[in-house]
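# Examining the three-dimensional arrangement
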Amino acid sequence: QVQLVESGGGLVQPGGSLRLSCAASGSIFRINAMGWYRQAPGKQRELVAIINSGSNTNYADSVKGRFTISRDNAKNTVYLQMNSLKPEDTAVYYCHAGVSPNIITMPIPYWGQGTQVTVSS
């Protein structure tokens, strides 16, 4: 079993910054893609940013140029640096990772518990 633990959410004023972290632990042989998703009230969960094992990244158009995803493979951790935050960024942010527990098993998807980000004056 694998656990993803997020941290770094909170309340910030428009134009401010936050850094989210997500650490994976448990039965890990290899972590493939890691990503951040978000879900605002009344809306579907959407992809924010994703980074693969080769550190190639992809972003939602709404966050390009403002958010940066990165990972530290030695720590099994993915980060999301969020700058120039807007009220429309308010949502619960979820970490996602595809984890192989051994050399022969395809990646299994895991989700974190979510962390609230609120952008408001």
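Structure: see above.
All values reported here derive from a predicted model rather than from experimental measurement. Position labels on residues start from 1 in each chain and follow its written sequence. Thresholds applied to this predicted model are a pLDDT of at least 70 for local features of residues and 80 or more for the giving and counting of side-chain atom pairs; totals over whole chains, interfaces and linings are not thresholded and use all residues. Excluding hydrogens and water, the side-chain figures rest on all heavy atoms present in the structure.

### A short note on the nonpolar core
The nonpolar side chains of a soluble globular protein tend to be buried, and buried together. Note the threshold: Nonpolar cores are built from buried Ala, Val, Leu, Ile, Met, Phe, Trp, Tyr and Cys residues. Side-chain atoms within 4.5 Å join them into one set. Using a 1.4 Å probe on the protein chains alone, a residue whose accessible area is under 20% of its type maximum counts as buried, one over 50% counts as exposed, and one in between counts as partly exposed. Labels follow the DSSP assignment, with helices taken as runs of H or I lasting at least four residues and strands as runs of E lasting at least two, numbered in each case from the N terminus. Contacts are residue-level and defined by heavy atoms, with any inter-residue pair within 4.5 Å sufficient.
Within the largest apolar cluster, 31 residues are counted, with the highest numbers of intra-cluster contacts made by Trp36, Leu80, Met82 and Tyr93. For this core, the secondary-structure elements that each account for two or more residues are strand 1 (2-7), strand 3 (18-26), strand 4 (30-39), strand 5 (46-51), strand 7 (67-72), strand 8 (77-82), strand 9 (91-100) and strand 11 (115-119). Among the elements that take part in this core, strand 9 stands out by supplying 5 residues, more than any other. With residues up to four places along the chain from it excluded, the contact list for leucine 80 reads Leu18, Arg19, Leu20, Trp36, Val48, Ala49, Phe67, Thr68, Ile69 and Tyr93.

### Quick word on the packing of aromatic side chains
How we decide: Between the rings of Phe, Tyr and Trp (Trp by its six-membered ring), a pair exists once the centres lie within 6.5 Å; its type follows the angle of the planes, with under 30 degrees stacked, over 60 edge-to-face, and the other angles tilted. Any Lys NZ or Arg CZ found within 6 Å of a ring centre and within 35 degrees of that ring's normal is scored as a charge over the ring.
One pass over the structure, following the stated rule, counts 1 aromatic pair. Here tyrosine 37 and tryptophan 111 contribute two aromatic rings whose centre-to-centre distance is 5.0 Å and whose plane-to-plane angle is 65 degrees, an arrangement assigned as edge-to-face. Taken together, the positions of tyrosine 37 in strand 4 and tryptophan 111 in strand 10 (residues 108-111) put the pair 74 residues apart, joining distant regions of the chain. The ring of tyrosine 79 carries the charged tip of arginine 19 above its face, separated from the ring centre by 4.1 Å. Positioned over the ring face of tryptophan 111 is arginine 45, at 4.7 Å from the centre of the ring.

### Brief notes about the sheet that holds strand 7
Within a beta sheet, neighbouring strands are joined by backbone hydrogen bonds and run either parallel or antiparallel to one another. Let me state the cut-off plainly: For two strands to pair, DSSP has to find at least two bridges joining them. Helix axes are fitted only over the stretch in contact, all axes being lines through C-alpha atoms; the angle between N-to-C directions runs from 0 to 180 degrees.
Strand order in the open sheet formed by 4 strands is 1-3-8-7, and the pairing between neighbours is antiparallel. Each edge of the open sheet is held by one strand with a lone partner, namely strand 1 and strand 7. Along the sheet, successive strands turn relative to each other by an average axial angle of 15 degrees, direction set aside. Here strand 3 runs beside strand 8; their pairing, made up of 6 bridges, is antiparallel. Following the sheet pairing, arginine 19 is matched in strand 8 by glutamine 81.

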